[in-house]
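Close look at the chain arrangement
Each chain, written out:
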Amino acid sequence: MDRAVELRMAALPASLSTIRAVAGAIARSTPSLAVDLVVAVDEACSTLIVRAREHAVLACRFVRDGDSVRFRAQVLSSAVTVPDHGSLYWRVVSAMADTVATWVDGDGLLHVELRCRA
């Protein structure tokens, strides 16, 4: 059985401290995983917040599965493209996470999904 934690909050920079705290708590039993997860999640959510529409809600989901954590976040965005693979966002997240994907769906939601393993 997976252990999921879901958050829904205003897509504002002030929400980042709560998201970082949850990421750290979920991975706290594995210090190296906690560091990678917090950095990757912070960068991913910062990017979503910058691209969010005004008054948008940032939805996040963490799933702890053994020695890894899957994270998924989405926000309503006016962006029609994902961050470039040469961007700071992509370099930071791909360095910290084992897998990462970013996409925009037909409803205007910008998504990020990543997995960090210990």
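Provided above is the structure to which this section pertains.
**Notes on the pairing of strand β2 (residues 57-65)**
Where strand β1 (residues 3-10) and β2 come together, 8 bridges link them in antiparallel fashion. The residue of β2 that forms the bridge with methionine 9 is leucine 58. Examined bridge by bridge, β2 and strand β3 (residues 68-76) share 7 bridges and lie antiparallel to one another. Each bridged residue has a counterpart across the sheet, and for arginine 64 the counterpart in β3 is valine 69. Joining the antiparallel neighbours β2 and β3 is a turn of 2 residues, in which glycine 66 adopts a positive phi near 65°.

**Details of the nonpolar core**
Ile19, Leu58, Cys60, Phe62, Phe71 and Leu114 are the most contacted members of the largest nonpolar core, which totals 35 residues. The dominant element in this core, judged by the number of residues it contributes, is helix α2 (residues 31-51), at 9 residues. Discounting chain neighbours no more than four positions away, the residues touching cysteine 60 are Val5, Glu6, Leu7, Ile19, Cys45, Phe71, Arg72 and Ala73.

**What to know about unusual backbone geometry**
With the exception of glycine, most residues fall at negative phi, and the peptide bonds are largely trans. Of note in the backbone geometry, histidine 55 takes a positive phi value of approximately 70° without being a glycine. Within the element layout of this structure, histidine 55 appears in the loop between α2 and β2.

Criteria and thresholds
Position numbers for residues start from 1 in each chain and track the written sequence from start to end. It should be noted that, the model being predicted, local features are given only for residues of pLDDT at least 70 and side-chain atom pairs only at 80 or more, the latter also being counted only at that level, while totals for whole chains, interfaces and linings use all residues. Hydrogens and water molecules were not included; the side-chain quantities draw on all heavy atoms of the structure. Being paired, for any two strands, means DSSP has found at least two bridges between them. Put simply, DSSP H or I for four residues or longer makes a helix, DSSP E for two residues or longer makes a strand, and each gets a number counted from the N terminus. For our purposes a nonpolar core is just a set of buried Ala, Val, Leu, Ile, Met, Phe, Trp, Tyr and Cys residues, chained together by side-chain atoms within 4.5 Å. Accessible area is worked out with a 1.4 Å probe on protein chains only. A residue is then buried under 20% of its type maximum, exposed over 50%, and partly exposed in between. Any two residues whose heavy atoms approach within 4.5 Å at even a single point are treated as in contact.

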